[in-house]
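Remarks on the overall topology
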Amino acid sequence: MSTRLVTFTLDGRLYGVDVDLVQEVLRGQPQTRIPLAPASVSGLINLRGQVLSAMELRARLGLPDRDADTEAMLVVVRVDGEAIALRVDTIGAVIDVDDAQFELPPDTLTGPARDFLLGAYKLEGRLLLALDVARTVAA
Amino acid sequence: MDDMDEIVQEFLVESHENLDQLDRDLVALEREPDSRDLLASIFRTIHTIKGTSGFLAFGKLESVTHVGENLLARLRDGKMSMTQQTTDVLLAMVDTVRDLLGAIEEKGGEGDLDVTAVVEAISAVLEGRASAPAPAAAAPAPVAEVAAAPVAAQPVAAPAPVAEAPVETPAPAVEPVPAAVPAALAVPAATPAAPAEDDHHDDHPHRRSVAESSIRVDVEVLDTLMQLVGELVLTRNQIVRQAGVQADADLTASAQRLNLIASELQEGVMKTRMQPIDNLWAKLPRVVRDLGAQCGKSVSLEMVGKETELDRSLLEAVKDPLTHLVRNSVDHGFETPAERVEIGKPAEGKLTLRAYHEGGQVVVEVADDGAGIDPSRIAAKAVEKGLRTPAQLAEMSPNDVLQLIFAPGFSTAKAVTNVSGRGVGMDVVRTNIEAIGGAVEVESVLGKGTTCRLRIPLTLAIVPALTVECSGDRYAIPQVSLLELVALDADRAVTDVEDVNGASVYRLRGTLLPLVRLADLLGVESERSDGHVVIAVLQAEGRRFGLVIDRVLSTEEIVVKPLGSQLKAIGAYSGATILGDGTVALILDVQTLARRVLNTEATEIERATETETRVTVDESQRLLVAGLGADRRVAIPLSSVTRLENFPATAVEQVGGREVVQYRGSILPLVRLADFYGTYSDRGAEDLVVVIYTVGARSVAIVVDEIVDIVEEGGELSSDVTGHGVLGSTLVRDRLVEVLDVRAAILAADPTFYSVDDTQELM
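Residues numbered from 1 in each chain as written. Chains lettered and ligands numbered in written order. Predicted model: local features only at pLDDT ≥ 70, side-chain atom pairs only at ≥ 80, totals over all residues. Heavy atoms only, no water.

Labelled according to an unreviewed UniProt entry, chain B appears under the name histidine kinase, originating from Nocardioides yefusunii. UniProt, in the comment section headed Catalytic activity (unreviewed entry), describes chain B in these words: "ATP + protein L-histidine = ADP + protein N-phospho-L-histidine." (UniProt positions renumbered as here; feature names shortened; annotations may be inferred.)

Under the annotation held in an unreviewed UniProt entry, chain A carries the name Chemotaxis protein CheW and is attributed to Nocardioides yefusunii.

Here you go:
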């Protein structure tokens, strides 16, 4: 059994989300900030006439902020019929991973990432962290 | 289309509806042959068709329905009973009637359909020939055959009538046959006129069958359409804006055309989602009856304006509040029959539901002729519940006191009943109605009755809104909550924005308006540092407050987009929208903001102060001061000013050599004050600042350069300094301001503006 994932990077690490959940990936869009919103929701974007919330994944996963001059990329995922844009550093590729490579997160993993990671795929030379999209975008 | 045609058309629509019902009734009748109701209903339908066809001189139709009616009459009176054969011939009759109607619809006449077989079959059954038991084998057979024959044969015969039809005449469909043929057909001359005309127009599309002119559509399809139209409106806004910037005549023309088409399309799609309010009202008679019985009250229900249409999502939202109001009326509004008789009212109370359109909104009234609400009782209750102090109440008008019934935790029921009176109802009614951008108010005359009025927007999806700026971000405020805008320059802001124990207030026409800074509410930094204060005066929860913003941008029709689940909980926003330049703007949830900022404490402070400082100012003494370029200022009496608006320059259209603008569904003549006075406008051409001035039922749009201020009339009008179009001049804050001769200015733009009827209402 293999799983198909869309990969992206955050703070030098490689992450992946189930390809079936991904609607599209696109370059960063102008955002409208939302005062009073939770820190992880960074703003609203106009995606061809639809208003989407954008979530800053770095903030969500407890990673340091992105450099101000680096443009974010967006991974638009659809969960329970609602689309939401995840802000990431760079987009990787669509890859097939073997379920045999999968391992649950190590017990030493703590912090916000613990709740949002399904586990890791042991690729050659680096780890691919599988993101639990539903939990990540849950309010 | 002449009158006769209209009557025929109506007859066809009605008959088609009836025939479908007939089919079902007949089949049902077979199962329960004794049902008098079914028989009576079938009889009525056929009778109606017969009567009308006789009147319209459709001879064949009349002869078929005539025998059919005879048969039905005997069945109804119990002289015959239903058998397989009777059902068969009756169904055959219905089919024949349908074919005849089809022919009438298509060709305007009965054509060459042969009805004798059906008439004969029915007559046979009628005379008992078929049901005679003796020649069982022979007799029933032909009847059944004859009865079945028209059913099968007609569809074939009807479309190709000429070829074999051996009957009277060639069909009128082949050629435009003049009067001679219809005469032979014994059809009145008026009727064939229409088909003859139709035949001349071969390119004319085939006339739609009446039964096919409406279809059922999945609501989801409509929702999607609505959404797409929403997108189109947004794109339209963007293009119109671009066209304005580029100053390309062709592009501007196309943009204007797009503008019109998009508006019409939007309107058309909106219409598809409209449903009559009757859908909502249908279950209320039962509610009233049951509840009346339960409360020991006798109430008749009258419904006016059933056909008034509302967007279906709104209908859904209005359902509960409306039901609650009706229940409330029956439970609390009416006296008992004994009490009513005692005070000389009819024992039976009258509850009236009324729905109508007014000013781009739908108004739904629930009116009873019951005891009415006593403001003093409301007042006493409000004090008892700690909602208001006696001092505050003394300052309120009786009408304002009445509106307290919508306050949370209020109930006027003497005893809590299991029907209503739990003290949450009216509060919930208001919350629900305001949630859909509507408003609710109550009027009552003691002893005469109470009227609750719901004002509901026509649709939820697209709302007029004011866009404002705060801390560099743009926000939209729905117009329904917006009362007016006040701009104070730095000097005036210092003196006019006062402090009441830490809460800032502005003296708006003598009453204190509590001020809230949007930047503070949202936890952002205001970018306004020049000391100017811009206030949007908002109304929500029955109270007014001023929202201090950085800048007012424009008024726009915005398409409301829902927010994601993470953001709904914030509560400050009711949705988002995409502005003309493609950026997203949040829509402020004025109700929630009001609830958040107008805590009782703050309101009490404000009200307490208000009682001390209240100054009554007569509206008629107030003047709107507008700038007109070259430092010229004119004052317009505020009493007739209904709104201040911004129009894009492209909104100006020409009608009969005069400039007009479309505004809220009507066309307003445009008066350019600068032209009127012969001065030059300093303002750029891209948009117009407009004062909507209303006299009687008519309005006019007065174009000025800028709105400067609203002032109390500053002393005597010195009429010695007058000129063209000037009534006089007056001093406002040490500046000379000319008072506009509004009448002269309007007449200059539209000499017909003051029609005979409303001349007396002038000035």
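Re the overall build of chain A
On a plain count of helices and strands, chain A comes out with three helices and 11 strands. Starting at the N terminus and walking to the C terminus, you meet the elements of chain A as β-β-β-β-β-α-β-β-β-β-α-β-β-α. Considering chain A as a whole, with its 139 residues, one finds that 49% of them fall into the buried category. Of all intrachain contacts in chain A linking residues separated by at least 6 positions in sequence, the fraction that spans at least 24 positions is 53%. When the accessible surface of chain A is totalled, it reaches about 7,000 Å², and 50% of it is carbon and sulfur. (Helix = DSSP H or I, 4+ residues; strand = E, 2+ residues; numbered from the N terminus. Buried < 20%, exposed > 50% of the residue type's maximum accessible area, 1.4 Å probe, protein only. Contact = heavy atoms within 4.5 Å. Areas by Shrake-Rupley, 256 points an atom, 1.4 Å probe, with all protein chains shown as cover.)

Observations regarding the interface of chain A and chain B
In this complex, chain A contributes 21 residues to the contact, which on the side of chain B involves 23 residues. For the pair chain A and chain B, the two sides together bury roughly 1,800 Å², of which 59% comes from carbon and sulfur. Where chain A touches chain B, the interface holds one salt bridge. Where B:Asp473 meets A:Arg33, a salt bridge forms, and the shortest distance between an N and an O atom there is 2.5 Å. Counting across the interface, chain A meets chain B through four residue pairs in polar contact (both at pLDDT 80 or more). Those elements that place two or more of their residues in the side of chain A that touches chain B are strand S4 (41–47), strand S5 (50–56) and strand S7 (82–88) of chain A. Looking at the side of chain A that touches chain B residue by residue, the classes come out as 13 nonpolar, five polar and three charged. (Buried area = accessible area lost by both parts, 1.4 Å probe. Salt bridge = Lys/Arg side-chain N within 4 Å of Asp/Glu carboxyl O. Polar contact = N/O pair within 3.5 Å; in protein donor to acceptor, adjacent residues only side chain to side chain. Nonpolar A, V, L, I, M, F, W, Y, C, P; charged D, E, K, R; others polar.)

Here's the deal with the sheet that holds strand S11 (residues 127–131) of chain A
Sheet strands pair via backbone hydrogen bonds, and the direction of the pair is either parallel or antiparallel. All names here are of chain A. On the basis of which strands lie adjacent, the open sheet formed by six strands has the order S8-S1-S2-S11-S10-S9 and mixed pairing. On the outer flanks of this sheet lie strand S8 (90–98) and strand S9 (102–103), each paired with one strand and no other. As paired elements, strand S2 (residues 13–18) and S11 share three bridges and run parallel to each other. The partner of leucine 14 across the bridge, within S11, is leucine 128. (Pairing = 2+ DSSP bridges.)

Regarding the nonpolar core
B:Trp281, B:Leu322 and B:Leu454 are the most contacted members of the largest nonpolar core, which totals 46 residues. Counting 41 residues, the second-largest nonpolar core is a separate cluster that includes B:Met80, B:Met82, B:Leu90 and B:Val115. (Core = buried A, V, L, I, M, F, W, Y, C linked by side-chain atoms within 4.5 Å.)

Quick notes on the UniProt feature "modified residue: Phosphohistidine" (unreviewed entry) in chain B
Residues and elements named next belong to chain B. Sites flagged by UniProt as "modified residue: Phosphohistidine" (unreviewed entry) map to His47. Checked against the element boundaries, histidine 47 lands in helix H2 (residues 36–55). Judged by its relative accessible area of 40%, histidine 47 is partly exposed.

Brief notes about helix H13 (residues 312–333) of chain B
Given a rise of 1.5 Å per residue, 22 residues ought to cover 32 Å, and the 29 Å separating the end C-alpha atoms of H13(B) matches this to within 8%. Along H13(B), the sharpest kink reaches roughly 35°, centred on B:Val318 and followed within four residues by the proline B:Pro321. (Expected span 1.5 Å × (residues − 1). Bend = angle between axes of the 7 residues up to and from the residue.)

Concerning helix H3 (residues 59–76) of chain B
Residue and element names in this part refer to chain B. Taking 1.5 Å per residue as the helical rise, H3 with its 18 residues ought to reach 26 Å, and the 25 Å between its terminal C-alpha atoms agrees with that figure. Looking only at H3, the buried set comprises Lys60, Leu61, Val64, Thr65, Val67, Gly68, Glu69, Leu71, Leu72, Ala73 and Leu75. Just beyond H3, the residue with positive phi is glycine 78, at close to 80°.

Let's talk about the packing of helix H12 (residues 284–295) of chain B against H13(B)
Residues and elements named next belong to chain B. Running from N to C, H12 and H13 cross one another at 30°; their axes reach a closest spacing of 9 Å. Between H12 and H13, the angle is such that the two are roughly parallel. The two elements H12 and H13 cross, and the hand of that crossing is right-handed. Facing H12, whose interface residues are Leu284, Val287, Val288, Leu291, Gly292 and Cys295, H13 presents Leu322, Thr323, Val326, Arg327, Val330 and Asp331. (Axes fitted to C-alpha atoms, helices over the stretch in contact; angles between N-to-C directions. Parallel < 35°, antiparallel > 145°, perpendicular 65-115°, else oblique. Left-handed = near helix turned anticlockwise from the far one by under 90°.)

Remarks on the pairing of strand S15 (residues 543–549) of chain B
Residues and elements named next belong to chain B. The element S15 is largely enclosed, with a buried count of six among its seven residues. With three bridges connecting them, strand S13 (residues 511–517) and S15 associate as parallel partners. Of the residues in S15, the one forming a bridge with valine 516 is leucine 547.

Digging into the sheet that holds S15(B)
Residues and elements named next belong to chain B. Pairing in this open sheet of six strands is mixed, and the strands run S10-S14-S15-S13-S12-S11 from one edge to the other. Bordering the open sheet on either side are strand S10 (482–488) and strand S11 (497–500), each of which pairs with just one other strand. The average angle at which neighbouring strand axes cross in this sheet is 35°, direction not considered. For strand S12 (residues 503–508) and S13, the ladder comprises four bridges, and the chain directions are antiparallel. What sits directly across from arginine 507, in S13, is leucine 512. Its contacts with the sheet put helix H22 (residues 590–597) on S13, strand S14 (533–540) and S15, and the angle it makes with S14 is roughly 100°.

Things to note about the environment of A:Val94
All names here are of chain A. Relative to the elements of secondary structure, valine 94 occurs in strand S8. Owing to a relative accessible area of 48%, valine 94 belongs among the partly exposed residues under this scheme. Setting aside chain neighbours within four positions, we find valine 94 in contact with Arg4, Leu5, Val6 and Val19.

Re the side chain of B:Thr451
As for its placement among the helices and strands, B:Thr451 is situated in strand S7 (residues 449–457). Sequence-distant contacts of B:Thr451, defined by excluding residues within four places in its chain, comprise B:Glu365, B:Val366, B:Ala367, B:Glu441, B:Val442 and B:Glu443.

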